[in-house]
Amino acid sequence: MQALADRLRAERRIVFVPTMGFLHEGHLSLIRIARNAGDVVVVSIFVNPTQFGPGEDFQEYPRALDRDLALAEKEGADIVFTPSEAELYPEGFETYVHLERLPRHLCGLSRPVFFRGVATVVTKLFHIVKPHAAVFGEKDYQQVMVVKKMVRDLNMDVEIIAGPTVREPDGLAMSSRNSYLSKEQRRSALSLRKALIEAQQMVSSGERSSARIVSAAKDSIASFPETDIDYIRIFDPETLEDRKEINGPVRMALAVRVGSTRLIDNDLLNPAR
Ligand code: PAF
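From a predicted model like this one, the values you see are computed outputs, not experimental measurements.

A. Highlighting the overall build of the protein. The helix and strand inventory of the protein stands at nine helices and eight strands. Taking 19 Å as the expected radius of gyration for a compact globule of 273 residues, we find that the protein reaches 19 Å, a close match to that expectation. Taken along its principal axes, the extent of the C-alpha atoms in the protein is 55 × 40 × 40 Å. A total of about 13,200 Å² of accessible surface is found on the protein, and carbon and sulfur atoms cover 49% of it.

B. Region of the structure containing helix α7 (residues 141-153). The terminal C-alpha atoms of α7, which comprises 13 residues, lie 18 Å apart, in line with the 18 Å expected from a rise of 1.5 Å per residue. For α7, the full list of buried residues reads Tyr141, Gln142, Gln143, Val144, Met145, Val146, Val147, Met150 and Val151. Following α7 by one or two positions, Asn155 adopts a phi angle in the positive range, close to 55°.

C. Up close: the packing of aromatic side chains. Taken as a whole and assessed by the stated rule, the structure comprises eight aromatic pairs. Note on Phe114 and Phe115: the rings are 4.8 Å apart at their centroids and 75° apart in plane angle, and the pair reads as edge-to-face. For the pair Phe114 and Phe115, one class covers both residues: buried. Taken together through their ring pairs, the aromatic side chains of Phe46, Tyr89, Phe93 and Tyr96 make up a single cluster. One cation-aromatic arrangement involves Arg63 over Phe58; the distance from NZ or CZ to the ring centre is 5.1 Å. For the cation-ring pair, Arg116 lies above Tyr96, with the distance from its terminal atom to the ring centre recorded as 3.9 Å.

D. Examining the sheet that holds strand β6 (residues 227-235) more closely. Taken together, the three strands give an open sheet; going across it, the order is β6-β7-β8, and neighbouring strands pair in antiparallel fashion. A strand with exactly one partner marks an edge of an open sheet, and here the two such strands are β6 and β8 (261-269). For this sheet, the mean inter-axis angle between neighbouring strands, taken without regard to orientation, is 15°. In this sheet, β8 lies alongside strand β7 (residues 250-258) in antiparallel orientation, the contact comprising nine bridges. Along β8, the bridge assignment pairs Val250 with Leu269. Running at roughly 20° to β8, helix α8 (residues 183-204) makes contact with β6, β7 and β8 of the sheet. Those strands touched by helix α9 (residues 210-222) are β6 and β7, and its axis lies near 160° from that of β6.

E. Seen up close, empty space enclosed by the protein. Per the counting criterion, the structure on display carries one cavity of 30 Å³ or more. Within this model, the largest cavity holds a volume of roughly 70 Å³. In terms of lining, the largest cavity is formed by Lys139, Leu172, Ala173, Ser175, Asn178, Ala189, Leu192, Arg193, Leu263, Ile264 and Asp265. Counting residues per element, the ones that place at least two in the lining of the largest cavity are α8 and β8.

F. Looking closely at the packing of α8 against α9. Contact geometry of α8 with α9 gives a least axis separation of 9 Å together with a crossing angle of 145°. Along this stretch, α8 crosses α9, giving a crossing that reads as right-handed. Contact residues: α8 offers Ser191, Lys194, Ala195, Glu198, Ala199, Met202 and Val203, while α9 offers Arg212, Ile213, Ala216, Ala217, Ser220 and Ile221. Across the contact of α8 with α9, the residue classes tally to eight nonpolar, two polar and three charged.

G. Highlighting the site of the ligand. Neighbouring the ligand are Pro18, Thr19, Met20, Asn48, Gln51, Val118, Val121, Phe136 and Gln143. Contact between the ligand and Gln51: an oxygen atom at 2.6 Å from a side-chain N or O atom of the residue. With respect to the ligand, the side chain of Gln143 contributes an N or O atom lying 2.7 Å from an oxygen atom. Surface burial for the ligand is 88%, taken as the share of its 290 Å² of free accessible area covered by protein chains. Looking at the shell around the ligand, the elements with two or more residues in it are β1 (14-19) and α6 (114-129). Along the lines of polarity and charge, the residues of the shell around the ligand split into five nonpolar, four polar and no charged.

H. Here's a closer look at the layout of surface pockets. Computed from the structure, the second largest pocket encloses a volume of approximately 320 Å³. A class-by-class count of the residues in the lining of the second largest pocket yields six nonpolar, three polar and eight charged.

Cut-off values and rules
Residues numbered from 1 in each chain as written. Predicted model: local features only at pLDDT ≥ 70, side-chain atom pairs only at ≥ 80, totals over all residues. Heavy atoms only, no water. Helix = DSSP H or I, 4+ residues; strand = E, 2+ residues; numbered from the N terminus. Rg over C-alpha atoms; globule rule 2.2 N^0.38 Å. Areas by Shrake-Rupley, 256 points an atom, 1.4 Å probe, with all protein chains shown as cover. Expected span 1.5 Å × (residues − 1). Buried < 20%, exposed > 50% of the residue type's maximum accessible area, 1.4 Å probe, protein only. Phe/Tyr/Trp six-rings, centres within 6.5 Å; stacked < 30°, edge-to-face > 60°. Lys NZ or Arg CZ within 6 Å of the ring centre and 35° of its normal. Pairing = 2+ DSSP bridges. Axes fitted to C-alpha atoms, helices over the stretch in contact; angles between N-to-C directions. Contact = heavy atoms within 4.5 Å. 1 Å grid on protein atoms, 1.4 Å probe; cavity = no way out; pocket = protein on both sides within 12 Å on 5 of 7 lines; lining within 4 Å. Points joined across faces, edges and corners; volume = space filled by probe spheres on them. Left-handed = near helix turned anticlockwise from the far one by under 90°. Nonpolar A, V, L, I, M, F, W, Y, C, P; charged D, E, K, R; others polar. Near = heavy atom within 4 Å. Polar contact = N/O pair within 3.5 Å; in protein donor to acceptor, adjacent residues only side chain to side chain.

Listed below in structure tokens is the structure:
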């Protein structure tokens, strides 16, 4: 992959879409963005063990390589890079990329190794694929911010492009983990989107207190069966620090366990909307 990237890079703009596979419309939208942003689209498929903590779903994470290859090709990917675990993490691997501040919020609190694993594997993949630009989905808002910060801090010469969240017709954010949900849980999963819409409605009708909006969101989600809230936060879109008052555009993000499946979603809250 490195030798190929060297040859391609000389004359063409490489745009990279890193994924963990089990591709859905959200990933395919990122591939389309990549196609419009450069000449060669590289997609990677690698379920990265270092971003899963003990007791998380690394073993169960859905995998469907043949299906993914067909979908990626149909969408216009030129190269699909599928390294093995032994290739990316050989015996004796001991170098990790760690951010000091951004992971101390949101998902980083309940998934302590997650961002270290993401920052490490994305760095490795950037060194292997040598892209000019890379596309990440905004459903993982904190991940986009972490990758952007890492790229700035470490002078990586890669433009980071964020792709908007793609949703099912009923509003559920697309995720490979939606495949874990039973029919009843699938209904409860809609509570995340519903809470975000209700929050924007409160803001549009003049509510400025984050505490009151978060409290209403908690009640709304708790009214759905099998939901267990990990966090609901309203925060500064850049620093991810909590915002008590909503005096301008802020971001709201939430993580909710539905049964044993942990789902996340986020959106902008804008008083001007
Ligand atoms: O968003 C994902 O699928 C993963 O976190 C990523 C960026 C491919 C790194 O493993």
